[in-house]
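# Structural overview
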Amino acid sequence: MLILAPMQGLTELMFRKAYHQCFPGAFDYAVSPFLSLTHGNLADAWKKIDDVLPQDNQDSLPVIPQILGKEPLEFVGLANRLYEIGYSEVNWNIGCPMRRVTAKHRGSGILPYPNEIRSILEQVVPRLQPRLSIKMRLGLNSPQEIFAIIPILNDYPLANVTIHPRTGRQQYGGQVDLDTFEEVLPLLRHPVVYNGDICTAADYRRLRQRFPQIADYMIGRGVLYDPLLPMRIRTADENGENDLAQTEHFIRTLLNAIDEGDVREVSKMRKIKEYWCLIRRSLPITEQQASTVLHAQDYGSTIACIHNILETVNEL
Ligand SMILES: Cc1cc2nc3c(=O)[nH]c(=O)nc-3n(C[C@H](O)[C@H](O)[C@H](O)COP(=O)(O)O)c2cc1C
């Protein structure tokens, strides 16, 4: 299966809908950006519940809600409410590398403390109505940290474990540690989902060759670098005639969705620029052309700049 990775600020409902509209069936499902229990209360997480309300997600990718937090009671409360509104699985984020999160032993900040992980699972799992899956890194400070966690995960029923083989300290840079990932595989009794740096169909094929036992792959930034990536993976077709037209169509669909969404033009401009930083890679344009969008001063000129670029690309 191909799974769309959760990316806070990028893969919310608006994106998932626009993507699904342009490329139905490209991904099997998505994991939502995290609902945070950072302040230990449900109200905070519930503010972002719109992202996963089933009635709003009907014309979109199927989604599994993700929870970030380590308060067992609140976790159970939120997960069971998600179950009541229709979710049979929730995902626990123990991979987030942001310092303000890790400082409180949340996200990947909990990985050096296997006893805390055990204590949370011990309290949460028996009370949980939906199934639980986990998304994690190899460790916070060292990739070796995962080896103390595996026996704990093996003691609990889990739908799957997604591993992004970096440490929290690495954030999103440096190499993925495939050697340690390979050592982990035979030790974990749960299905494993691979995640990290799949940016081309060739990257995917290399991983499949090395890890034939893994059936499920999660893709994040790669789908913004190239929105057609899941199709290339599925069809083994590296370059099709209409690729550029499809990419453009998707970019326009996303721009429209953003336009109809947020009411404040500065927020819309900020959002578009965030996407642009990644998605510009999917277009055959120079750095200089791409940067004109980032330098645009207001919402109208940001949009105009992108449409201009798309027109030029069209004429190529
Ligand atoms: C902007 C951004 C936001 C992210 N937000 C989340 C999140 O909410 N939950 C999560 O588990 N991972 C989050 N991630 C991590 C991604 O899901 C993924 O693990 C990571 O980007 C590596 O995969 P990739 O190389 O395919 O992008 C985020 C990553 C980025 C770049």
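The structure presented is a predicted model; accordingly, all values stated were derived computationally and were not measured. The numbers attached to residues start from 1 for each chain and follow its sequence in the written order. Predicted model: local features are reported for residues with pLDDT of at least 70 only, side-chain atom pairs are reported and counted for 80 or more only, and whole-chain, interface and lining totals are derived from all residues. The basis for the side-chain values is all heavy atoms of the structure; hydrogens and waters are excluded.

## A short note on the overall build of the protein chain
Counted only if it meets this: Under the scheme used here, helices are H or I runs from DSSP no shorter than 4 residues and strands are E runs no shorter than 2 residues, and both carry numbers assigned from the N terminus. Both definitions apply: the radius of gyration is a C-alpha atom measure, and the globule rule equals 2.2 Å times residues to the power 0.38. The contact rule is simple, with two residues in contact once any of their heavy atoms fall within 4.5 Å. Charged-residue counts in this description rest on Lys and Arg as positive and Asp and Glu as negative, His and the chain ends being excluded. Where a charge lies is defined by one atom per residue type: Lys uses NZ, Arg uses CZ, Asp uses CG and Glu uses CD.
Helix and strand counts for the protein chain stand at 14 helices and ten strands. The C-alpha radius of gyration computed for the protein chain amounts to 20 Å, which stays within 12% of the reference 20 Å derived for 316 residues, consistent with globular compactness. In terms of principal-axis extent, the alpha carbons of the protein chain reach across some 60 × 45 × 35 Å. Long-range contacts, defined here as pairs at least 24 residues apart, represent 73% of the contacts in the protein chain between residues at least 6 apart. Seen as two clouds, the 33 positive and the 37 negative side-chain charges of the protein chain have centres 5 Å apart.

## Quick notes on the layout of surface pockets
Over the atoms, a rolled probe matching the size of one water molecule traces out where space is still vacant. Just so we agree on the cut-off: Only protein atoms enter the calculation, which uses a 1 Å grid: trapped sets of points that fit a 1.4 Å probe without letting it out are cavities, open sets showing protein on both sides within 12 Å along at least five of seven lines are pockets, and any residue with an atom within 4 Å of a point is a lining residue. Grid points are joined across faces, edges and corners, and a volume is the space filled by probe spheres set on the points. Ten residue types, Ala, Val, Leu, Ile, Met, Phe, Trp, Tyr, Cys and Pro, are classed as nonpolar, four, Asp, Glu, Lys and Arg, as charged, and the remainder, Gly among them, as polar. Note that the domain bounds reflect an automated or database-derived domain assignment.
In this structure, the largest pocket encloses a volume near 600 Å³. Looking at the largest pocket, it is lined by 30 residues, and the ones nearest its centre are Pro6, Met7, Lys135, Arg137 and Tyr172. Mapped onto the lining of the largest pocket, the elements with two or more residues apiece are strand 7 (131-139), strand 8 (161-167), strand 10 (216-219) and helix 9 (221-225). Tallied by class, the residues present in the lining of the largest pocket amount to 16 nonpolar, nine polar and five charged. Only helix 1 (13-22), helix 11 (243-260) and helix 12 (265-279) provide two or more residues apiece to the lining of the second largest pocket. Among the residues making up the lining of the second largest pocket, the classes are represented as five nonpolar, five polar and seven charged. If you count residues domain by domain, the lining of the second largest pocket takes at least three from each of domain 1 (2-235) and domain 2 (243-315).

## Here's the deal with the sheet that holds strand 4 (residues 63-64)
Applied cut-off: The pairing criterion is simple: DSSP has to find at least two bridges between the two strands.
Spatially, 3-5-6-7-8-9-10-1-2-4 is the arrangement adopted by the ten strands of the open sheet, whose pairing is parallel. The two strands at the open ends of the sheet, each matched to only one other strand, are strand 3 (35-36) and strand 4. Where strand 3 and strand 5 (residues 66-68) come together, two bridges link them in parallel fashion. Bridging across to strand 5, Ser36 finds its partner in Leu68.

## Topic: the domain arrangement of the protein chain
The criterion, for reference: Accessible area, probed at 1.4 Å, shrinks when two parts are joined; the buried area is that loss added up over both. Think of a salt bridge as a Lys or Arg side-chain nitrogen and an Asp or Glu carboxyl oxygen that are within 4 Å of each other. For the purposes of these results, a polar contact is taken to be a pair of N or O atoms within 3.5 Å, where, inside protein, one atom must be able to donate a hydrogen and its partner to accept one; residues adjacent in sequence count only when each atom of the pair is a side-chain atom.
On domain assignment, one finds that the protein chain holds domain 1 (2-235) and domain 2 (243-315). For domain 1 and domain 2, the distance between their C-alpha centres works out to 28 Å. The interface is formed by 15 residues belonging to domain 1 together with 16 residues belonging to domain 2. Across the domain 1 to domain 2 interface the summed buried area is about 1,600 Å²; carbon plus sulfur atoms make up 72%. For the interface between domain 1 and domain 2, the tally reads one salt bridge. A salt bridge links Arg232 to Asp243; its shortest N-O distance comes to 2.5 Å. Taken together, domain 1 and domain 2 are joined by five residue pairs in polar contact (both at pLDDT 80 or more). Among the secondary structure elements, those contributing two or more residues to the side of domain 1 that touches domain 2 are helix 1 and helix 9. It is helix 1 that provides the largest number of residues to the side of domain 1 that touches domain 2, a total of six residues.

## Topic: the site of the ligand
Inclusion rule: We call a residue near a molecule or strand when any one of its heavy atoms sits within 4 Å of it. Accessible areas in this description were obtained via Shrake-Rupley with a 1.4 Å probe; residue shielding takes into account the shown protein chains only. Any molecule with more than half of its atoms within 2 Å of a cavity's or pocket's grid points is counted as sitting in it.
Near the ligand, the surroundings consist of 18 residues, among which Pro6, Gln66, Asn195, Asp197 and Arg221 are the closest. Within the side chain of Asn195, a nitrogen or oxygen atom sits 2.6 Å from an oxygen atom of the ligand. With respect to the ligand, the backbone of Gly220 contributes an N or O atom lying 2.8 Å from an oxygen atom. Protein contacts shield 88% of the accessible area of the ligand, which totals 610 Å² for the unbound molecule. Comparing atom positions with the cavity grids shows the ligand to sit within the largest pocket.

## With respect to the packing of aromatic side chains
Quick note on the threshold: Any Phe, Tyr or Trp ring, taking Trp's six-membered ring, that has another such ring centre within 6.5 Å forms a pair; planes under 30 degrees apart are called stacked, those over 60 apart edge-to-face, and the others tilted. Between buried and exposed lies partly exposed: a residue is buried under 20% and exposed over 50% of the maximum accessible area for its type, with that area taken using a 1.4 Å probe on protein chains only. Our definition puts a charge over a ring when NZ of Lys or CZ of Arg is within 6 Å of the ring centre and also within 35 degrees of the ring normal.
For the structure on display, the rule yields twelve aromatic pairs. Measuring from ring centre to ring centre gives 5.6 Å for Tyr19 and Phe27, while their planes differ by 45 degrees; the resulting arrangement is tilted. On the basis of relative accessibility, which here comes to 5%, the residue Phe27 falls in the buried class. Chaining the aromatic ring pairs together yields one cluster made of Phe15, Tyr19, Phe23, Phe27, Phe250 and Tyr275. Here the guanidinium or amino end of Arg137 rests over the ring plane of Tyr172, the centre of that ring lying 5.1 Å away. Sitting over the face of the ring of Tyr225, Arg281 holds its NZ or CZ atom 3.7 Å from the ring centroid.

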